[in-house]
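Descriptive analysis of the structure
Residues per chain, in single letters:
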2 protein chains.
Amino acid sequence: MDYYSSQITKLIEELGRLPGVGNKSAQRLAFHIINMPEEQVMNLSNAMVEAKKNVRYCAKCFTLTDKEICPICASPKRNPSMIMVVESTRDLAAYEKTGKYEGVYHVLHGAISPMLGIGPENIKLKELMVRLQGNVEELIIATNSSLEGETTAMYISKLVKPTGVKVTRIASGVPVGSDLECTDEVTLLRALEGRVEI
Amino acid sequence: MDYYSSQITKLIEELGRLPGVGNKSAQRLAFHIINMPEEQVMNLSNAMVEAKKNVRYCAKCFTLTDKEICPICASPKRNPSMIMVVESTRDLAAYEKTGKYEGVYHVLHGAISPMLGIGPENIKLKELMVRLQGNVEELIIATNSSLEGETTAMYISKLVKPTGVKVTRIASGVPVGSDLECTDEVTLLRALEGRVEI
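Residues numbered from 1 in each chain as written. Chains lettered and ligands numbered in written order. Predicted model: local features only at pLDDT ≥ 70, side-chain atom pairs only at ≥ 80, totals over all residues. Heavy atoms only, no water.

Turning our eyes to something else, we now look at the overall build of chain A. Helix and strand content of chain A: eight helices and six strands. In chain A, the order of α-helices and β-strands from amino to carboxyl end is α-α-α-β-β-α-β-α-β-α-β-α-β-α. Its C-alpha atoms give chain A a radius of gyration of 22 Å, clearly above 16 Å, the size a compact globule of 198 residues would have. Oriented by its inertia axes, the alpha-carbon framework of chain A measures out at about 65 × 45 × 35 Å. Here chain A holds 198 residues, and 43% of them are scored as buried. Summarising the internal contacts of chain A: among those between residues at least 6 apart in sequence, 46% fall at separations of at least 24. Accessible area for chain A stands at about 11,100 Å²; split by element, carbon and sulfur atoms hold 54% of it. (Helix = DSSP H or I, 4+ residues; strand = E, 2+ residues; numbered from the N terminus. Rg over C-alpha atoms; globule rule 2.2 N^0.38 Å. Buried < 20%, exposed > 50% of the residue type's maximum accessible area, 1.4 Å probe, protein only. Contact = heavy atoms within 4.5 Å. Areas by Shrake-Rupley, 256 points an atom, 1.4 Å probe, with all protein chains shown as cover.)

Below is the structure:
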């Protein structure tokens, strides 16, 4: 690729390492960045370096934050006796967008996956058990409904039940607004099993 | 979006300004960057800043380069009396990948588009006319075969013909490997008009 100058080639290479960015996208992004105002390039570049340097795990719930304790754990409005277990900070953000959940979270940073060699010791499970020694009334398991997520949910529920803490799992069913005919069989069966009286 | 810490939110915002990066992709990229090794983040960040600072137009052909004269114009192996006119550095790179073109280039940085208010004075046309005062035998117009590209090609050919320089246009026709039945009518007609004896 020496038909680009070395610095353009270098930028294309570095951009091409990002997930979902192929060679064509990397070229497009590189030329866009070169044509951006210098201030905006500096902003983007600084945002990356600063986020990488300062973002760490919240000491309580292990979500990614740039403070010692994340804004959710630090908020007096949240109920610390209700903990929702999620796989990642993005899942946490998805629930926060609903604006209705008033408890706190626990971010596992992964899910148990024998296929990928991820065991219970590779996710933040020990840390969850430590938190449960405090005053916790309900543990809501909101891992994904994938094989790994379900395995993790089962594992946690078996681990936690003896401690006497109430363990719940978010409902699985037909998404709001979707057609029955487009929904897969497993989801349809789950929705039937989980039916509620109206 | 205050459910992310401010630095993550800032990074997501900055990434979301890039073309083709929506909110979901920006989130995915941001968390990927936070999880990358620090060295790789620095490499990416520096590549952006360095490219933005040092990349400029080649003094001869106006392609993007980090030198005064780009490697193609500086090469003694290239024939400077044959100039291919392209719209962008990416188009130049596309022809360079063929490895068979031995002339030099002229990058217009755009195409004439009355719709977008881009006139002949907004692209590097004046600079092309200056180059044609030198020893040029052939000008190959390789603008895109879009409406803007064709308009630009027509405009340049009318402008250059009186100077006596031979003006050619790259062939338009059915792409190699594609089916006739999937090719649009305009391309089929072009291919027919441009037929060559075999």
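So, next bit.
Residues and elements named next belong to chain A. Restricting attention to buried positions, one finds in helix 6 (residues 125-132) the residues L125, L128, R131 and L132. Buried residues of helix 6, seen end-on, are gathered within an arc of 110 degrees and therefore sit on one face of the element. Exposed side of helix 6, more than 90 degrees from the buried face: K126 and V130 are the residues found there. Of the surrounding elements, those touching the buried residues of helix 6 are strand 3 (79-86), strand 4 (103-107), strand 5 (138-141) and helix 7 (147-160). (Arc of directions from axis to C-beta.)

On to the pairing of strand 4 (residues 103-107) of chain B, then. All names here are of chain B. Taken across its five residues, strand 4 has five buried, putting it largely inside the fold. In terms of strand pairing, strand 3 (residues 79-86) meets strand 4 through five bridges, oriented parallel. Residue pairing for strand 4: M84 is matched across the bridge by Y105. Handedness of the strand 3-helix 5 (residues 89-98)-strand 4 crossover: right-handed. (Pairing = 2+ DSSP bridges. Right-handed = clockwise from strand over helix to strand, strands pointing away.)

Residues and elements named next belong to chain A. Summed over the entire model, instances satisfying the criterion amount to 14 salt bridges over all chains. When the shortest N-O distance is used, the salt bridge between R56 and E68 registers 4.0 Å. Of this pair, R56 sits in strand 1 (residues 56-57) while E68 sits in the loop between strand 2 (64-65) and helix 4 (71-74), placing them twelve residues apart in sequence. Looking at R56, the relative accessible area reads 41%, which means it is partly exposed. Notably, a salt bridge pairs R78 with E96, separated by 2.8 Å at the nearest N-O pair. A residue pair is termed long-range when its members are at least 10 positions apart, and R78 in the loop between helix 4 and strand 3 and E96 in helix 5 (residues 89-98) qualify at 18 residues. In this structure R78 comes out as buried when scored by relative accessible area, which is 15%. In this structure, a network of salt bridges that share partners links the residues K10, E14 and R17. (Salt bridge = Lys/Arg side-chain N within 4 Å of Asp/Glu carboxyl O.)

Where strand 3 of chain A meets strand 5 of chain A, four bridges bridge the pair, whose relative direction is parallel. Bridging across to strand 5 of chain A, A:M84 finds its partner in A:I140.

Okay, the interface of chain A and chain B next. On the side of chain B, 52 residues touch chain A, which itself brings 51 residues to the contact. Interface of chain A and chain B: buried area, both sides summed, is about 5,100 Å²; carbon and sulfur atoms make up 68% of it. If you look at where chain A meets chain B, you find zero salt bridges. One can count eleven residue pairs in polar contact (both at pLDDT 80 or more) joining chain A with chain B. (Buried area = accessible area lost by both parts, 1.4 Å probe. Polar contact = N/O pair within 3.5 Å; in protein donor to acceptor, adjacent residues only side chain to side chain.)

Let us now look at the sheet that holds strand 5 (residues 138-141) of chain B. Residue and element names in this part refer to chain B. The strand order across the open sheet formed by four strands is 4-3-5-6, and the pairing between neighbours is parallel. At either margin of the open sheet sits one strand with a lone partner, and together these are strand 4 and strand 6 (166-169). Ignoring which end each strand starts from, the neighbouring axes of this sheet average 25 degrees apart. Against the sheet, helix 5 makes contact with strand 3 and strand 4, and its axis sits at roughly 160 degrees relative to strand 4, the strand it touches most. (Axes fitted to C-alpha atoms, helices over the stretch in contact; angles between N-to-C directions.)

Residues and elements named next belong to chain A. Read from one edge to the other, the open sheet built from four strands follows the order 4-3-5-6, with strand pairing classed as parallel. Each having just a single partner strand, strand 4 and strand 6 (166-169) make up the two edges of the open sheet. Taken pair by pair, the neighbouring strands of this sheet meet at an average axis angle of 25 degrees, ignoring direction. Set on the sheet, helix 5 makes contact with strand 3 and strand 4; between it and strand 4 the angle comes to about 160 degrees.

The description of two packed helices rests on the angle between their axes and on the distance between the axes. Contact pair helix 3 (residues 38-54) of chain A / helix 3 (residues 38-54) of chain B: the axes reach a minimum separation of 10 Å and the direction vectors enclose 170 degrees. Judged by the inter-axis angle, helix 3 of chain A sits roughly antiparallel to helix 3 of chain B. Residues A:E38, A:V41, A:M42, A:L44, A:S45, A:M48, A:V49, A:K52 and A:K53 of helix 3 of chain A pack against B:E38, B:V41, B:M42, B:L44, B:S45, B:M48, B:V49, B:K52 and B:K53 of helix 3 of chain B. Taken together, the residues of the contact of helix 3 of chain A with helix 3 of chain B sort by class into ten nonpolar, two polar and six charged. (Parallel < 35°, antiparallel > 145°, perpendicular 65-115°, else oblique. Nonpolar A, V, L, I, M, F, W, Y, C, P; charged D, E, K, R; others polar.)

To continue, consider the domain arrangement of chain A. Each assigned domain of chain A is listed here: domain 1 (6-54) and domain 2 (64-197). The straight-line distance from the C-alpha centre of domain 1 of chain A to that of domain 2 of chain A is 34 Å. (Domains from an automatic or database assignment.)

What follows deals with the side chain of B:K52. Mapped onto the secondary structure, B:K52 falls in helix 3. For the buried B:K52, which has no salt bridge, the nearest side chain bearing the opposite charge is A:E38, at an N-O separation of 6.1 Å. With near-sequence residues (within four places) excluded, B:K52 lies in contact with A:I33, A:I34, A:N35, A:M36, A:P37, A:E38 and A:V41. (Lys, Arg positive; Asp, Glu negative; His and termini not counted.)

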